[in-house]
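Survey of secondary and tertiary structure
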Amino acid sequence: MTKYCPECGAENEDIAVFCAKCGHNLKDVDQRMKSDKHAKNKTNFLNLKTLAAIVIIVAIVGIMVFSLTGNSGNEDSKNVTLIKENAYGFTFVNDGVPYYNYYLDGVFTNLEGDFQGYDMNARFIDENGSLVKEYHDDYMKYIFSDSKKSQTNTLASIQTNELYNVSYIQVQILDPNGDLVFNESVDFDMAKMDLSGLEE
């Protein structure tokens, strides 16, 4: 059994009377107790080293995640905002068939670049949270061109043969990689749905 010096912690032979390192009297040192204490101190030291290693690893992983995701959005589009001018609807009848048209007019601001390859989705959602119909534009050349001039444009429109109580329109813009760079809900007021076109 090994004997550890209580003064300096040095390891000594179990028959040692004085510490070989500092000269401390080891005559009354209990070998087992000091061995257990030393083992405990060693375990605590290892636990501290393990904790420090975990903290360092977590910090490195955090930095890597931030570097990969922090700038993943397109720099030209990260501040894009939508100014809604009008969300409205109108109706008409053709050969006895009713048509319900839902429109969203507005303008995007803070646009840079030509946005070629970008997609815009406008999902018309009813009062029950169900999708009525989706509008899709896979270039938006004219929308973005007019937006740069602060000119209001029809951003999205759908047509149905049945009247739906549209609650809101979810407008999304995706970059060429399919990453979402804009996501906003626009309220739709059914009071602005002109039903006079159904009158015969």
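All values reported here derive from a predicted model rather than from experimental measurement. Residue numbers here run from 1 along each chain, matching the order of that chain's written sequence. pLDDT decides what is reported in this predicted model: residues at 70 or higher carry local features, side-chain atom pairs at 80 or more are listed and counted, and totals for whole chains, interfaces and linings draw on all residues regardless. The basis for the side-chain values is all heavy atoms of the structure; hydrogens and waters are excluded.

Quick notes on the side chain of Thr-91
Labels follow the DSSP assignment, with helices taken as runs of H or I lasting at least four residues and strands as runs of E lasting at least two, numbered in each case from the N terminus. Looking at where Thr-91 falls in the secondary structure, it is placed in strand E3 (residues 81-94). Identification of polar contacts relies on pairs of N or O atoms within 3.5 Å, with a donor-acceptor requirement for protein atoms, meaning one able to donate a hydrogen and the other able to accept it, and with residues adjacent in sequence counted only if both atoms are side-chain atoms. From its side chain, Thr-91 meets the backbone oxygen of Asp-194 in a polar contact 3.1 Å long.

Section: the packing of aromatic side chains
The geometry of an aromatic ring pair is captured by the separation of the ring centres together with the interplanar angle, meaning the angle of the planes. Here the aromatic set is Phe, Tyr and Trp, taking the six-membered ring for Trp, and pairing holds for ring centres within 6.5 Å; pairs whose planes are under 30 degrees apart are stacked, those over 60 apart are edge-to-face, and all others are tilted. Under the defined criterion, the tally for this structure stands at 5 aromatic pairs. Look at Phe-90 and Tyr-103: their rings are 5.5 Å apart centre to centre, the planes differ by 25°, and that puts the pair in the stacked class. Here Phe-90 is found in strand E3, whereas its partner Tyr-103 is found in strand E4 (residues 97-109), with 13 residues between them in sequence. On the basis of relative accessibility, which here comes to 30%, the residue Phe-90 falls in the partly exposed class. Ring pairs connect the aromatic residues Tyr-88, Phe-90 and Tyr-103, which therefore count as one cluster. The cut-offs for exposure are 20% and 50% of the maximum accessible area for each residue type, with area from a 1.4 Å probe on protein chains only; residues under the lower value are buried, those over the upper are exposed, and the others partly exposed.

Considering the environment of Asn-25
Structurally, Asn-25 can be placed in the loop between strand E2 (11-12) and helix H1 (31-69). Apart from residues lying up to four places away in sequence, Asn-25 is in contact with Val-17 and Phe-18. By definition, residues are in contact when any of their heavy atoms lie within 4.5 Å.

Considering the sheet that holds E3
Taken together, 4 strands build an open sheet; the order of strands is E7-E4-E3-E10 and the sheet is mixed. Here the strands that pair on one side only, and so sit at the sheet edges, are strand E7 (153-160) and strand E10 (193-194). Two strands are said to pair when DSSP picks up at least two bridges between them. Across 7 bridges, the pairing between E4 and E7 is antiparallel. Residue pairing in the sheet places Tyr-103 in a bridge with Ser-157 of E7.

Concerning the pairing of strand E5 (residues 119-126)
Burial runs high along E5: 6 of the 8 residues are buried. Where E5 meets strand E8 (residues 166-174), 8 bridges bridge the pair, whose relative direction is antiparallel. Looking at E8, one finds that Ala-122 is bridged to Val-171. Connecting E5 to the next strand, strand E6 (residues 131-137), in antiparallel fashion are 4 residues, including Gly-129 with a positive phi near 80°.

Looking at the confidence of the model for the chain
Summary of the metric used: pLDDT quantifies the predictor's per-residue confidence within the range 0 to 100. Here the chain shows a mean pLDDT of 80. Residues at 70 or above account for 80%. Per-element confidence in the chain is highest for E10, whose mean pLDDT is 94, and lowest for H1, whose mean pLDDT is 67. Across residues 69-77 the pLDDT falls below 50, and counting only partners more than four positions away or on other chains, this stretch makes 11 contacts in the model.

Considering the nonpolar core
Put simply, a nonpolar core is a bunch of buried Ala, Val, Leu, Ile, Met, Phe, Trp, Tyr and Cys residues held in one set by side-chain atoms that sit within 4.5 Å of each other. Among the nonpolar cores identified, the biggest contains 28 residues, and Tyr-102, Phe-108, Met-120, Phe-124, Val-171 and Ile-173 are the most heavily contacted of them. Elements represented by at least two residues in this core include exactly E3, E4, E5, helix H2 (141-148), E7, E8 and strand E9 (180-187). Of all hydrophobic cores here, the second largest spans 6 residues; its members include Cys-5, Ala-10, Cys-19 and Val-29.

As for the pairing of E8
Summarising burial for E8: 7 of the 9 residues are buried, a large majority. Pairing between E8 and E9: 7 bridges, direction antiparallel. Paired with Ile-173 across the strands is Phe-182, a residue of E9. Connecting the antiparallel pair E8 and E9 is a turn made up of 5 residues, with Gly-178 showing a positive phi of about 90°.

Re the sheet that holds E5
A sheet is described by the order of its strands in space; here 4 strands give the open sequence E6-E5-E8-E9, paired in antiparallel fashion. Either end of the sheet is taken by a strand with one partner, and the two such strands are E6 and E9. Each strand axis lies, on average, 15° off the axis of its neighbour in the sheet, ignoring direction. Interaxial angle, 0 to 180 degrees, is taken between N-to-C directions of lines fitted to C-alpha atoms, where a helix line uses only the stretch in contact.

Describing a nonpolar patch on the surface
On the surface, Ile-56, Ile-60 and Met-64 cluster together into a nonpolar patch covering about 300 Å² of accessible area. What makes Ile-60 partly exposed here is its relative accessible area of 45%. Patch members must show over 30% relative accessible area and no salt bridge, and they are joined within 9 Å when carrying like charges or within 5 Å when they are nonpolar side chains of Val, Leu, Ile, Met, Phe, Trp or Tyr. Residue-level accessible areas treat just the shown protein chains as cover; the underlying method is Shrake-Rupley with a 1.4 Å probe. Any Lys or Arg side-chain nitrogen found within 4 Å of a carboxyl oxygen on Asp or Glu counts as a salt bridge.

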